[in-house]
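Letter by letter, the chains look like this.
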Amino acid sequence: VYAPPETPPVLPQASNSSSAAKASVDSEALAQQALADAEISLQQEELERIENKLGNAYGDALKTSFRGHVQDAAPDMMNQSVAAWCKLAMEANFFIKCGHGSELRRQPFPREGFDVSQLREWASSTFGIRDEELVLEYRAPSGKWFALATNEHFFQAILSIRPSESQPFSLTVRASTMACDKPAPVEQPAPAEVGSVSMGASQPDYDAGQCAQFLMLGAEELEKSETSDQSSDWACSSQCSKCVEEHGEENVSYFGYVMNRRHHCRKCLKSFCWTHSNNFHQIAPEGPEVRLCDLCASSPL
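Reference entry: report on the structure contained in this document. (Residues numbered from 1 in each chain as written. Predicted model: local features only at pLDDT ≥ 70, side-chain atom pairs only at ≥ 80, totals over all residues. Heavy atoms only, no water.)

1. Structural notes on empty space enclosed by the protein
Counted by the stated rule, this structure contains one cavity of 30 Å³ or more. Put simply, the largest cavity is a space of about 40 Å³. The element best represented in the lining of the largest cavity is strand β1 (residues 93–100), accounting for three residues. Across the lining of the largest cavity, the residue classes tally to five nonpolar, one polar and one charged. (1 Å grid on protein atoms, 1.4 Å probe; cavity = no way out; pocket = protein on both sides within 12 Å on 5 of 7 lines; lining within 4 Å. Points joined across faces, edges and corners; volume = space filled by probe spheres on them. Helix = DSSP H or I, 4+ residues; strand = E, 2+ residues; numbered from the N terminus. Nonpolar A, V, L, I, M, F, W, Y, C, P; charged D, E, K, R; others polar.)

2. Some words on the environment of A92
Tracing the backbone through its elements, the reader meets A92 in helix α3 (residues 78–92). In this structure A92 comes out as partly exposed when scored by relative accessible area, which is 39%. The residues contacting A92, other than those within four sequence positions of it, are F109, P110 and R111. (Buried < 20%, exposed > 50% of the residue type's maximum accessible area, 1.4 Å probe, protein only. Contact = heavy atoms within 4.5 Å.)

3. Quick word on the pairing of strand β8 (residues 279–282)
With four bridges joining them, β8 and strand β9 (residues 289–292) adopt antiparallel strand pairing. Residue pairing in the sheet places H281 in a bridge with V290 of β9. Hairpin connection between β8 and β9: a loop of six residues separates the two successive antiparallel strands. (Pairing = 2+ DSSP bridges.)

4. What to know about the pattern of salt bridges
For the structure on display, the rule yields eight salt bridges. Among the ionic pairs, D131 bridges to R120, the shortest N-O distance being 3.2 Å. With a gap of 11 residues between them, D131 in the loop between α4 (116–127) and β3 (134–139) and R120 in helix α4 connect regions that are remote in the sequence. One salt bridge in this structure joins R130 and E133, with 2.7 Å as the shortest N-O distance. Residues joined in a network through salt bridges with shared partners are K87, E91 and D205. (Salt bridge = Lys/Arg side-chain N within 4 Å of Asp/Glu carboxyl O.)

5. Section: the packing of helix α2 (residues 60–70) against α3
Taken N-terminus to C-terminus, the directions of α2 and α3 make an angle of 140°; their axes are 10 Å apart at the nearest point. In terms of axis orientation, α2 runs oblique to α3. At the point where α2 passes α3, the crossing takes the right-handed sense. Along its contact with α2, which presents L62, S65, F66, H69 and V70, the element α3 presents M78, S81, V82, A84, W85 and L88. In terms of residue class, the contact of α2 with α3 is made up of eight nonpolar, three polar and no charged. (Axes fitted to C-alpha atoms, helices over the stretch in contact; angles between N-to-C directions. Parallel < 35°, antiparallel > 145°, perpendicular 65-115°, else oblique. Left-handed = near helix turned anticlockwise from the far one by under 90°.)

6. Overview of the packing of aromatic side chains
Tallied over the full model, the rule gives 11 aromatic pairs. Plain terms: the ring middles of F109 and W122 are 5.9 Å apart, the flat faces sit at 85° to each other, and that makes the pair edge-to-face. Remark: W122 occurs in helix α4 and F109 occurs in strand β2 (residues 103–110); sequence separation between them is 13 residues. By relative accessible area, W122 is classed as buried at 16%. Taken together, a centroid distance of 5.5 Å and an interplanar angle of 80° make the contact between F154 and F155 edge-to-face. By relative accessible area, F154 is classed as buried at 0%. In textbook terms, an aromatic cluster arises when at least three aromatic residues are bridged by ring pairs, as seen for F94, F109, F114, W122, F127, F154 and F155. (Phe/Tyr/Trp six-rings, centres within 6.5 Å; stacked < 30°, edge-to-face > 60°.)

In structure tokens form, the structure reads like this:
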């Protein structure tokens, strides 16, 4: 009896459409991972930039504190984390801006246990003035300078310049050398409405956004003074919240402290995002290359 040979079973073949769909999903996953990695890398670069800027403006202690507080924050929470750290830093320290001749330095001093002798020691070391010859004065809101020799003077100064319980501030001080022909610093009369200088040491409760703006703009001010001899302040630094070029566009992203941060054109001094200010040209004959917005970069000279 004739028996035909058995036909081998036919294995199911994957369709071309299924393979293409799987490849598309894999490619999309790889692309998303690449974007996430790039965002993390950019965030780390921005954190390093802010660290260095804070260190240059306020010293290594704040730089180290900043890194410890924000390094583990998620990318979408980075701006909030930076603002929260700024609030903690401003509430924990007195910020002093001290000048001597053409030099200007900034220094935070912990509120807890503060004594004016700490300020004197720092100023003496920073400006190279012997303690017995050092004279410190603070600037009142009237623009007049008054003696800063005791803790009472210091807290009186704080009370005279503090704008409100929610607004951060710094005390402007000048250091000079005692001279025989120079009159002694004037002591400011105690404000009539202030009952006790101990109020100057009360724990503040600042707004986080204002603290971030205060510290970051202070650091930018130092950066500007090192890269430009222009005397004008950044245009709208404290009010402009988004890129000048994007004001009329929908879904515009506002400036943050890490992602989409503010940049200033060194020619027109307006605020821009990175996309509209990623140009560097020399605008002074003997000066360095500086950041310009797209419009100013089209005619840098």
